[in-house]
Amino acid sequence: MGKPASVLVLLAGLLIQTASASASAPAAAAPSTEQLAPGVHLLRGSFVPDRGPDGNTVIFDAPEGLVVIDTGRHAWHSDAILAFASARDRPIAAIVNTHWHLDHSSGNGRLKAAHPGARVYTTRAVDRVLAADGFLAKNLEAARPMLDDPELGDVRREEVEIFIATMDEQDQLLPDVVIERSGELKFAGKTFDVRVTDRAVTDADLWLIDAASGIAVIGDLVTFPVPFFETACPVQWRSALDQVRAAPFERAIPGHGEPMTPEQVGVYRDAFSAFIDCVHSDAEANVCATGWGDGIDSFTAGDGSKRDSVLRNAGYYVGMLREDGGKSGYCLAR
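Quick look at the structure, then. (Residues numbered from 1 in each chain as written. Predicted model: local features only at pLDDT ≥ 70, side-chain atom pairs only at ≥ 80, totals over all residues. Heavy atoms only, no water.)

Another point: the sheet that holds strand S1 (residues 33-37). Pairing in this open sheet of seven strands is mixed, and the strands run S1-S2-S3-S4-S5-S6-S7 from one edge to the other. Whereas interior strands pair on both sides, the edge strands pair on one side only; in this sheet they are S1 and strand S7 (177-178). Pairing of strand S6 (residues 119-122) with S7, which is carried by two bridges, proceeds in the parallel orientation. For Thr122, the partnering residue across the bridge sits in S7 and is Val178. Across the sheet, helix H2 (residues 75-87) touches S1, strand S2 (40-43), strand S3 (57-62), strand S4 (65-69) and strand S5 (92-96), and the angle it forms with S2 is around 155 degrees. (Pairing = 2+ DSSP bridges. Helix = DSSP H or I, 4+ residues; strand = E, 2+ residues; numbered from the N terminus. Contact = heavy atoms within 4.5 Å. Axes fitted to C-alpha atoms, helices over the stretch in contact; angles between N-to-C directions.)

As structure tokens, then:
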């Protein structure tokens, strides 16, 4: 099975498969906006066929301006963030990236161009993937020649161009303020309980809780239809999910998917744990994939097409993880 297109685009803007993407794949509609609590809004990310996804964005109203958690990948997503700020006549004062995956951080530059005072807060995990032998640097090396392929479809060409443009301005992915450890931090004058993982989705991810609203923003520690394991340390990721589940919150906003109750986060965590145990066992890949599908069945609501996608992608990840001893080849060993 080839790599799921959604995953390759999620991480690096590449759709490295034999078939060309459709030339008629549409752009996404402007993200829908939901008020989660007073002063807290969700701008939903999107999965458009043949295109890369955009992660969810959460915006908090703070004393010194808006705090934007994750900035998406496509212009339609960052345009929606900018329109939100303009409609409220408030500056974007802080940009927080839960992790470096480009569907959560490519919009940084566009937001900072419109709001030069905005500061980016994130971990230093991005440094390793931008280094000469890092994940993004290697993908960039592979991406540039793709534009010379006359058979590359228009949509796929556009997706690759977005990736290259982001990498050409890769300084926008770097933190203005480095977050190295968990604790209470202020962004734009508003206090958050910020947690930093020791390896999970990437070398170091962050998630946060706003005690005033009861909202937790947990990034790609939870994603649907499957966890994205390309740069992951699954055992440490499971520990991070344990910490999320034990934390005090009323609703958690995943990197991809709908807001979740604490109980739903617990269901996801249990399915994740069982899947990792299966990966480390001698079970057939389809058994592990079916177990994952059964574990999150309450989220897919009996949709047969969704389940097919879940099983296909989960089965791929069983093989990928087993190739590297139950983890990603990019998991930082210590």
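Val58, Phe60, Val67, Leu136, Phe187 and Leu208 are the most contacted members of the largest nonpolar core, which has 42 residues in total. A per-element tally of this core places helix H6 (residues 135-146) first, with five residues. (Core = buried A, V, L, I, M, F, W, Y, C linked by side-chain atoms within 4.5 Å. Buried < 20%, exposed > 50% of the residue type's maximum accessible area, 1.4 Å probe, protein only.)

Quick look at the environment of His77 now. Inspection of the secondary structure puts His77 in helix H2. A C-alpha to C-alpha distance of 9.4 Å links His77 and Asn56, two positions 21 residues apart in sequence. Excluding anything up to four places from it in sequence, His77 contacts Pro31, Leu43, Arg44, Gly45, Asp54, Gly55, Thr57, Thr71 and Gly72.

Geometrically, the link from Phe224 to Pro225 is a cis peptide bond, its omega value of 10 degrees lying close to zero. Within the secondary structure layout, Pro225 lies in the loop between strand S11 (215-223) and helix H8 (234-246). Of note in the backbone geometry, Ala188 takes a positive phi value of approximately 55 degrees without being a glycine. Positive phi values are uncommon outside glycine, yet Arg199 reaches one of about 70 degrees. Residue position: Arg199 is located in the loop between strand S9 (190-196) and strand S10 (206-210). For Arg199, a relative accessible area of 12% puts it in the buried group.

Enumeration according to the criterion identifies 19 salt bridges in this entry. Where Glu34 meets Arg44, a salt bridge forms, and the shortest distance between an N and an O atom there is 2.5 Å. Taken together, the positions of Glu34 in strand S1 and Arg44 in the loop between S2 and S3 put the pair 10 residues apart, joining distant regions of the chain. Owing to a relative accessible area of 18%, Arg44 belongs among the buried residues under this scheme. With its nearest N and O atoms 2.9 Å apart, the salt bridge here joins Arg144 to Asp168. Taken as a pair, Arg144 in helix H6 and Asp168 in helix H7 (residues 154-168) lie far apart in primary sequence, 24 residues in all. (Salt bridge = Lys/Arg side-chain N within 4 Å of Asp/Glu carboxyl O.)

What follows is about the sheet that holds S9. If you trace the five strands from one edge of the open sheet to the other, you get S8-S9-S10-S11-S12, paired in mixed fashion. Two strands close off the open sheet at either side, each with one partner strand: strand S8 (183-187) and strand S12 (251-256). Strand-to-strand, the axes of this sheet are offset by a mean angle of 35 degrees, without reference to chain direction. With three bridges connecting them, S10 and S11 associate as antiparallel partners. Residue Ile209 lies in a different strand from S11, and its bridge partner there is Ala216.

Scope: geometric values only; no functional claims are made or implied.
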